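# What the coordinates show
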Amino acid sequence: MEAKAHIWIYMPDLTIKEKLEDFGPLISPRRDKDTPIYNWHSFKHSYSRDLVEKLINEFELSSHSWVLDPFCGGGTTLLACKEFGINSMGFDILPFSVFLSNVKTRNYDVRKLKQRLKTFESNGKISPSTIELPDIEIINKAFNNEVKNELLRLKQKIDSINDRNIRDFYSLGLLSILESMSNTTKAGGFLRIVQRDVSADEVYPTFLARIRQMIEDVVSLNNNFSNVKVCARTSDSRKLSTKKKFDAVITSPPYPNRHDYTRIYGLEMIFNFVESNAELKEIRYNTLRSHVEARKRFNSNGYKKPPLLDELITKVKDAGVNNPRVPEMIEGYFEDMYLSISQMQKRLKPDGKIGLVVSNVRFGGVNIPVDEILAEIGEQTGLTTENILIARYRGNSSQQMKKYERNPSRESIVIWKNS
Ligand SMILES: C[S@@+](CC[C@H](N)C(=O)[O-])C[C@H]1O[C@@H](n2cnc3c(N)ncnc32)[C@H](O)[C@@H]1O
């Protein structure tokens, strides 16, 4: 276990504070499993609505403020900002994340949503599907033919809806039942195959129940916040496609833990966002180098690799990790994060604040203090580190535990101010 008060390696007069009770419970999406709209899709890598609310208050944001989230994921920052009357803009490289963020934060015409539901309730009118999914192996492992055909029958009907808002709403309803209708589960960094033996007869009622619940959520919540500006777009965090200036950034980048979002959300991507495996792979290669298949995309002029990093990478190499590309991944991750943090700094107004949630990681028993290294990298871009708040400790994997004993890594919130 790491000690309670930590002297920051790069700035000995800054003490990293343990804030387990204040922030620990807010880091996980489990807190929102029953929160309407926030729970429209199981996005395992989200933090909670309450974390965003707490940071909005700490950063003293108002209805005139604009918040940026360059890794918007499940859209939690954008939705919470909307709920608390703050304008926001999100970006993500995964088209599914951009879609999810937009669908969760739109205002809907309830009458139109309900009218459309009636056409789905008369199940008999839906013809057999004539569409196919891209030929990608995971689909055959995930669904038996009958279940797949039933899902495609629904997809075909949804795709033919002209009104984009309504179509997207119904598409999300379908995408959000894929995991439970499949023989897969989102386990840590990948899709694990499990045997669920779902019957094709379950697909339609599950979809209808989902849509009814979503409409109920819209009736009770969504249109209360109609004046707030919010949108999500596809963009790379290392080269953000906006010239706008923001009052704050509230975000959480991928952690350098080898999780590959194009695989974890592979079913969703294959159902609606790519036409071939080559297209899916291209997105995979272009994601941040937090997993071994991502590739270098941009040069990082001005980045000074923190000396500690070389020491740690040598230790990881000496420890002999099971994938030889891990040391290169760790190195690439911090270079990509330099580029991403530089973009955040450039888009921030003077005195603007950043709250960035990140976890330390362990490879071959070597602890990589990601929070501290990122804080140092932030200083290189012109930011001032105000604090590193330790929110919780996460256990190492059972495999690692056998080899290196229980050795949890901390998950923290790095707070910077723009000078
Ligand atoms: C930890 S998740 C963000 C979760 C989000 N804070 C939430 O509460 O739902 C990280 C996100 O970064 C995205 N990502 C990975 N590489 C990226 C890149 N180069 N540019 C933008 N987004 C990227 C992933 O697709 C993923 O959605």
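Scoring rules and cut-offs
Numbering of residues starts from 1 in each chain and follows the order in which that chain's sequence is written. Given that this is a predicted model, residues contribute local features only at a pLDDT of at least 70 and side-chain atom pairs are listed and counted only at 80 or more, while totals for whole chains, interfaces and linings are drawn from all residues. Values shown for side chains rest on all heavy atoms present in the structure; no hydrogens or waters enter the calculation. Secondary structure elements are defined from DSSP: runs of H or I of at least 4 residues count as helices, runs of E of at least 2 residues count as strands, and each element is numbered from the N terminus. Partly exposed describes any residue whose relative accessible area lies between the buried limit of under 20% and the exposed limit of over 50%, with all areas from a 1.4 Å probe on protein chains only and scaled to the type maximum. Here a residue-residue contact requires only that any non-hydrogen atoms of the pair lie within 4.5 Å. In these tables, accessible area is a Shrake-Rupley quantity obtained with a 1.4 Å probe, and a residue counts as shielded only by the protein chains included in the view. Counting rule for charge: Lys and Arg are taken as positive, Asp and Glu as negative, and neither His nor the chain ends is counted. Charge coordinates come from a single atom per side chain, which is NZ of Lys, CZ of Arg, CG of Asp or CD of Glu. Domain boundaries shown here were taken from an automatic or database domain assignment. For any pair of parts, buried area is found by adding up, for both, the accessible area (1.4 Å probe) each one loses once the two are put together. Any Lys or Arg side-chain nitrogen found within 4 Å of a carboxyl oxygen on Asp or Glu counts as a salt bridge. Side-chain atoms alone can form a polar contact between residues adjacent in sequence; in general such a contact is a pair of N or O atoms within 3.5 Å, and within protein one must be able to donate a hydrogen while the other accepts it. Following the grouping adopted for this structure description, the nonpolar residues are Ala, Val, Leu, Ile, Met, Phe, Trp, Tyr, Cys and Pro, the charged ones are Asp, Glu, Lys and Arg, and the polar ones are all others, Gly among them. For two strands to be treated as a pair, DSSP must find at least two bridges joining them. Think of it like this: strands point away, you trace from the first strand over the helix to the second, and a clockwise trace means the crossover is right-handed. Nearness is judged by heavy atoms alone; a residue qualifies as near a molecule or strand once a single heavy atom is within 4 Å of it. Stacked, tilted and edge-to-face are the three classes assigned to paired rings of Phe, Tyr and Trp, where Trp is represented by its six-membered ring and a pair needs centres within 6.5 Å; plane angles under 30 degrees give stacked, over 60 edge-to-face, the rest tilted. Look at NZ for Lys and CZ for Arg. If either is within 6 Å of the ring centre and within 35 degrees of the ring normal, a charge sits over the ring. For this text, the term disulfide refers to a pair of cysteine sulfurs within 2.5 Å.

## Things to note about the overall build of the protein chain
- Scanning the protein chain from N- to C-terminus turns up 16 helices and 13 strands.
- C-alpha atoms of the protein chain, sized along the principal axes, occupy 70 × 50 × 40 Å.
- Across the 419 residues of the protein chain, 58% fall into the buried class.
- Taking contacts inside the protein chain between residues at least 6 apart in sequence as the whole, the part at least 24 apart equals 77%.
- Within the structure as shown, the protein chain displays about 18,200 Å² of accessible surface, and the carbon and sulfur contribution to it stands at 46%.
- A distance of 3 Å separates the average location of the 62 positive side-chain charges in the protein chain from that of its 53 negative side-chain charges.

## Side note on helix α15 (residues 370–380)
- For α15, the buried fraction is high: nine of the eleven residues fall into the buried class.
- V370, D371, E372, I373, L374, A375, E376, I377 and G378 are the residues of α15 that are buried.
- In the segment just after α15, G382 is the residue with positive phi, at about 105 degrees.

## Topic: the domain arrangement of the protein chain
- Taken domain by domain, the protein chain holds domain 1 (6–95 + 240–253 + 288–418) and domain 2 (110–222).
- Between the C-alpha centres of domain 1 and domain 2 there is a distance of 32 Å.
- Contacts between the two partners involve nine residues from domain 1, matched on the other side by 13 residues from domain 2.
- Buried area between domain 1 and domain 2, summed over both chains or domains, comes out near 960 Å², and the portion from carbon and sulfur atoms is 59%.
- Area buried by domain 1 at its contact with domain 2 is led by I37, W40 and H41, which between them contribute 58% of it.
- Put simply, domain 1 and domain 2 have zero salt bridges between them.
- The tally of links between domain 1 and domain 2 comes to three residue pairs in polar contact (both at pLDDT 80 or more).
- Per-class residue counts for the side of domain 1 that touches domain 2 are three nonpolar, four polar and two charged.

## Comments concerning the pairing of strand β3 (residues 66–69)
- Judged by which residues are buried, β3 turns out to be covered on both faces: W66 and L68 on one side and V67 and D69 on the other are all buried.
- As defined by bridge partners, β3 adjoins strand β4 (residues 87–92) across four bridges and the pair is classed as parallel. In the sheet register, V67 faces β4, and the bridge partner there is S88.
- Crossover handedness for the path β3 to helix α3 (residues 76–83) to β4: right-handed.
- Here two bridges tie β3 to strand β8 (residues 246–251), and the two strands are oriented parallel to one another.

## Brief notes about the site of the ligand
- Around the ligand, the structure places 25 residues, and the nearest of them are S46, G74, T76, D92 and S237.
- One of the side-chain nitrogen or oxygen atoms of T76 is found 2.8 Å away from an oxygen atom of the ligand.
- In the environment of the ligand, a nitrogen atom lies 2.9 Å from a nitrogen or oxygen atom belonging to the backbone of S237.
- Coverage of the ligand by the protein amounts to 99% of the 610 Å² it exposes when considered alone.
- Across the shell around the ligand, the residue classes break down as eleven nonpolar, eleven polar and three charged.

## Some thoughts on the pattern of salt bridges
- In the structure shown here, the tally under the stated rule is 32 salt bridges.
- Two residues, E268 and K186, come together in a salt bridge whose shortest N-O distance is 2.9 Å. Here K186 lies in strand β5 (residues 184–187) and E268 lies in helix α11 (residues 266–272), a separation of 82 residues in the sequence. Of the two residues, E268 and K186, neither departs from the other in class, the shared state being buried.
- Close ionic contact of D247 with K349 constitutes a salt bridge, the shortest N to O distance being 3.1 Å. Of this pair, D247 sits in strand β8 while K349 is found in strand β9 (residues 348–359), placing the two residues 102 residues apart along the sequence.

## Things to note about the packing of aromatic side chains
- Using the criterion set out here, one finds 14 aromatic pairs in the structure.
- Between Y108 and F169, the ring centres sit 5.0 Å apart and the planes meet at 65 degrees, which makes this aromatic pair edge-to-face. Of this pair, Y108 sits in the loop between α4 (95–105) and α5 (110–121) while F169 sits in helix α8 (residues 164–175), placing them 61 residues apart in sequence.
- Given a relative accessible area of 4%, Y108 falls into the buried group.
- Judged by relative accessible area, which is 0%, F169 ranks as buried.
- Connected via pairs of aromatic rings, a cluster forms that spans W40, Y108, F120, F169, Y170 and F207.
- The residue whose ring lies beneath K157 is F120, and the NZ or CZ to ring-centre distance is 5.1 Å.
- Seen from the ring of W66, K244 lies directly overhead, with NZ or CZ sitting 4.1 Å from the centre.

## Remarks on the environment of I136
- With respect to the helices, strands and loops of the structure, I136 is situated in the loop between α5 and α6 (137–142).
- Dropping the residues within four chain positions of it, I136 is found in contact with I270, S276, N277 and L280.

## Examining the state of the cysteines
- Taken as a whole and assessed by the stated rule, the structure comprises zero disulfides.
- No disulfide involves C72; its sulfur sits 9.4 Å from the nearest other cysteine sulfur, which is in C231.
- C72 sits in the buried class, given a relative accessible area of 3%.
- The partly exposed category is assigned to C231, whose relative accessible area is 23%.

## Section: the pairing of β9
- Burial analysis of β9 places nine of its twelve residues in the buried class, which makes it a mostly covered element.
- In the sheet, β8 pairs with β9 via five bridges, with the strands oriented parallel. The residue bridging F246 from the neighbouring strand is L348, located in β9.
- Bridge count for β9 against strand β13 (residues 409–418) is seven bridges, and the pairing is antiparallel. Directly across from V358, in β13, lies its bridge partner S412.

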